[in-house]
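Structural features, examined
Residue-level listing of the chains:
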Amino acid sequence: MTVNLGRKGEKIDRLAELAAVRDDERGVSLWQEAFRRLRRNPAAIVGAVILVIFVLVALVGPFFVPYGPTDSIGIREGLVRSGQGIIPGPSGEHWLGFDHQGRDVFSRMVVGARQTLLVGVVSTLIGLAVGAVIGGVAGAAAGLGGRWGRWIDSTLMRFVDMLLALPSLLLAVSIAALLGASLTTVMIAVGVVSVPVFARLLRGSMIAQSNSDYVLAATSLGVRKSKIALTHVVPNSLAPVIVQATLTLATAIIEAAALSFLGLGNPDSRVPEWGVMLADAQPYLGIRPGLAIYPAVGIIITALGFTLLGEAMREALDPKLRK
Amino acid sequence: MFRFIVRRLLQLIPTLFGLSILLFIWLRRLPGGPETAILGERGTPEMRAEIRRNLGLDEPILVQYGRFVRRMLQLDLGTSTSTKRAVTTEFLERFPGTVELTVTGMIIAIGVGIPLGYLAARKRGRMLDHLSVGGSLIGICIPVFFLAYVLKAIFAENLGWFPASGRQDPTIGATRVTNFFVLDGLMTREWDAAADAVWHLVLPGLALASIPLAIIVRITRASVLEVLNEDFVRTAEAKGLTENTVRRRHVLRNAMLPVVTSIGLLTGGLLSGAVLTETVFAFSGIGAFVADSISQRDYPVLMGFILIIAVVYVLVNLIVDLSYSLIDPRVRVR
């Protein structure tokens with residue numbers, strides 16, 4: 001809407017317009033823009049909805065389960081005799097039936113969601129923390145450090161490459177062999193597996209950032225290198241790491257299930273965890289395949305949720321796709 | 001080219017050196033120490049002491065490490081505590097099965113994955129694209145051993161199309177030459193034996209291929225999409241090359257670079273996937289053996305497997321790097 005004020009008025013209007021646009025640009029950060037694009041992506045919405053439900057069930061669900069997850073109610077009531085292959089399926093009272101020890105499967109699924117989430121989150125955090133420190137030091141050293149920096153960088157990266165040379169499952173198995181089978185072991189083992197991925201990612205991203213103009217500008221202004229690394233390079237390099245963390249949550253849950261399958265999971269199967277439940281169900285596949293299918297579907301859907309959201313975040317944060 | 005190969009081979013030395021140190025530390029840190037690893041849980045204190053002396057565990061650590069490396073170089077991986085036979089012998093017997101299985105998995109993953117990924121990219125936004133992207137997402141999210149059970153339950157136990165377990169029907173009485181059952185059948189012209197071995201490979205091969213297949217489809221699709229937007233493709237089309245030439249010489253060749261790299265990275269995953277699928281299908285390869293050794297705490301077997309996988313992985317990635325430089329001449333210069 002331009003009111004005619006003559007040439008001078010037009011000029012002012014144009015200036016105001018330009019200023020407004022610049023304000024607008026300054027206001028939209030990478031994350032805001034990414035969030036806006038996430039909201040328009042149906043895959044992201046589906047992933048987010050799955051995850052919200054999963055987290056809600058995991059956090060709140062255990063308070064509302066109809067039966068205790070370790071309560072062998074089916075055996076007490078004489079309904080379950082797994083030795084004779086009698087394991088009743090879903091009914092009005094027991095929505096998903098019983099497991100081989102006469103426990104209510106629905107209650108175990110709900111409580112298991114919490115354990116599964118715990119395993120996924122803790123192991124990812126372990127991988128993220130260790131990987132980010134290694135990658136961050138290597139990236140800072142490589143990007144800013146001169147000859148010594150290059151040496152530190154290549155030493156750290158050789159170590160990371162070595163970890164990468166071991167297939168994740170084997171790495172987890174060897175760690176589990178060291179520490180003995182337990183839930184903590186599973187979390188550490190699965191976490192260590194993702195260390196090289198996070199380290200490489202953060203390093204690569206930091207090196208790319210170190211070559212950008214704003215780092216050159218900060219350097220020429222005389223800002224200390226350590227400060228540039230911490231306040232400029234690291235925050236700008238975090239996007240791919242966060243995306244990877246989301247994707248890693250999916251693989252962590254699957255990998256934990258594989259460890260349970262190989263007998264390295266939590267030996268105390270009273271605490272329900274989907275991977276352990278899936279592994280425990282194997283001898284009864286012929287009688288009640290549902291015992292394996294429920295936890296498997298839980299794992300698949302949750303992993304799908306994390307993967308969908310992670311992929312959508314990757315797309316949303318991709319600078320190439322930015323306007 | 002020759003210098004490139006030599007340089008890459010030299011770069012292997014620090015990796016393998018570091019790996020040997022890691023394995024050495026790992027072996028020493030196992031619960032109960034190496035003597036338990038060799039004796040199992042049953043050893044008496046005297047036996048333990050003797051083993052410690054025999055292993056030279058009272059000597060300086062560097063001497064011990066030197067001996068460890070020498071044994072590894074001589075392929076002496078110790079004795080399996082569960083079968084009481086040399087780990088190397090056990091592996092040599094079972095290796096052919098695992099090689100057949102992983103090669104089958106790779107053939108399925110590459111043979112289906114690359115064309116499917118390419119088609120999905122060409123038909124972007126259409127039904128085929130959505131199906132392959134959705135399918136590959138699910139493929140990544142299904143635990144391999146669960147998929148193996150499902151395949152087995154449906155196609156072997158219910159429909160009876162494929163055998164449920166083993167590597168070959170023992171009643172065929174096939175002649176053994178190399179222990180590669182398919183190869184043996186072809187070499188001795190026992191066609192039915194070869195066909196039967198292939199038949200036994202289908203289901204475990206499919207289960208094993210699921211994750212690499214999903215990853216290859218996604219990477220191929222993404223990579224083809226990126227190349228299709230390149231200026232040189234437009235130029236090639238504009239100068240009137242046939243669609244076939246553009247596709248083969250310009251699009252596929254350039255799009256294959258990331259795919260080939262990922263194939264190298266996937267081999268390690270395939271070998272550990274074999275541990276899971278072989279167990280489900282009672283397929284007598286290294287994988288099933290290792291799965292047993294995990295529950296039996298058979299550490300020499302475990303260590304041997306880690307070593308083999310690491311070496312195979314490093315070698316495969318070397319081959320990948322080399323083929324990379326064949327596809328893309330620019331790599332050689334660097």
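Computed from a predicted model, the values in this text were never measured in an experiment.

Comments concerning the overall build of chain B
- Counting secondary structure elements, chain B contains 14 helices and zero strands.
- Along its sequence from the N terminus, chain B presents helices and strands in the succession α-α-α-α-α-α-α-α-α-α-α-α-α-α.
- Each principal axis of the C-alpha atoms in chain B carries an extent, and together these give about 80 × 55 × 40 Å.
- The 334 residues of chain B split such that 47% are buried.
- In chain B, once contacts between residues fewer than 6 apart in sequence are set aside, the share between residues at least 24 apart is 71%.
- Entry remark: accessible area of chain B is about 16,700 Å², with carbon and sulfur atoms responsible for 64%.
- Of the side chains in chain B, 35 bear a positive and 27 a negative charge, and the two mean positions are spaced by 9 Å.

Points about the nonpolar core
- In this structure, L259(A), L262(A) and W26(B) are the most contacted members of the largest nonpolar core, which totals 131 residues.
- If one sorts the elements of this core by residue count, helix 12 (residues 290–317) of chain A sits on top with 14 residues.
- Leave out the neighbours within four places in its chain, and L262(A) touches L169(A), V173(A), V275(B), L276(B), A291(B) and I294(B).
- In terms of nonpolar packing, the next biggest core, distinct from the first, is built from 10 residues, Y118(B), L225(B), V227(B) and A255(B) among them.

Regarding the packing of helix 1 (residues 2–29) of chain B against helix 4 (residues 61–73) of chain B
All names here are of chain B.
- Their axes nearest at 11 Å, the elements helix 1 and helix 4 cross at an angle of 110°. If you check the angle between helix 1 and helix 4, you find them roughly perpendicular. When the axes of helix 1 and helix 4 are compared, the crossing they make is right-handed. Taken together, the residues of helix 4 that come into contact with helix 1 (itself represented by F17, S20, I21, L23, F24, L27 and R28) are I61, Q64, Y65, F68 and V69.
- Of the residues contributing to the contact of helix 1 with helix 4, the split by class is nine nonpolar, two polar and one charged.

Looking at the UniProt feature "transmembrane region" (unreviewed entry) in chain B
All names here are of chain B.
- Look at the UniProt record and you will see "transmembrane region" (unreviewed entry) annotated at residues 9–27, 101–121, 133–155, 197–217, 257–290 and 302–327.
- Along residues 9–27 the backbone is 100% helical and 0% strand, and the end-to-end C-alpha distance reaches 27 Å.
- Across residues 101–121, the secondary structure splits into 100% helix and 0% strand, with the terminal C-alpha atoms separated by 29 Å.

Considering helix 8 (residues 183–210) of chain A
- Between its first and last C-alpha atoms helix 8 of chain A spans 40 Å; for 28 residues at 1.5 Å apiece the expected length is 40 Å, and the two agree.
- The largest bend in helix 8 of chain A is about 30°, located at S194(A), with the proline P196(A) one to four residues further on.

Some points on the side chain of T116(A)
Residues and elements named next belong to chain A.
- Tracing the backbone through its elements, the reader meets T116 in helix 5 (residues 105–144).
- Using a relative accessible area of 2% as the deciding quantity, one classes T116 as buried.
- Among residues more than four places away in sequence, those in contact with T116 are I253, E273 and W274.

Digging into the confidence of the model for chain A
Residue and element names in this part refer to chain A.
- This prediction gives chain A a mean pLDDT of 79; 85% of its residues lie at or above 70.
- When the elements of chain A are averaged for pLDDT, helix 1 (residues 6–27) gives the smallest value, 59, and helix 3 (residues 42–60) the largest, 88.
- Note on residues 1–5: pLDDT under 50 across the span, and two contacts to partners over four residues away in sequence or across chains.

Calculation criteria
Residues numbered from 1 in each chain as written. Chains lettered and ligands numbered in written order. Predicted model: local features only at pLDDT ≥ 70, side-chain atom pairs only at ≥ 80, totals over all residues. Heavy atoms only, no water. Helix = DSSP H or I, 4+ residues; strand = E, 2+ residues; numbered from the N terminus. Buried < 20%, exposed > 50% of the residue type's maximum accessible area, 1.4 Å probe, protein only. Contact = heavy atoms within 4.5 Å. Areas by Shrake-Rupley, 256 points an atom, 1.4 Å probe, with all protein chains shown as cover. Lys, Arg positive; Asp, Glu negative; His and termini not counted. Charge placed at Lys NZ, Arg CZ, Asp CG, Glu CD. Core = buried A, V, L, I, M, F, W, Y, C linked by side-chain atoms within 4.5 Å. Axes fitted to C-alpha atoms, helices over the stretch in contact; angles between N-to-C directions. Parallel < 35°, antiparallel > 145°, perpendicular 65-115°, else oblique. Left-handed = near helix turned anticlockwise from the far one by under 90°. Nonpolar A, V, L, I, M, F, W, Y, C, P; charged D, E, K, R; others polar. UniProt positions renumbered as here; feature names shortened; annotations may be inferred. Expected span 1.5 Å × (residues − 1). Bend = angle between axes of the 7 residues up to and from the residue. pLDDT = per-residue confidence, 0-100.

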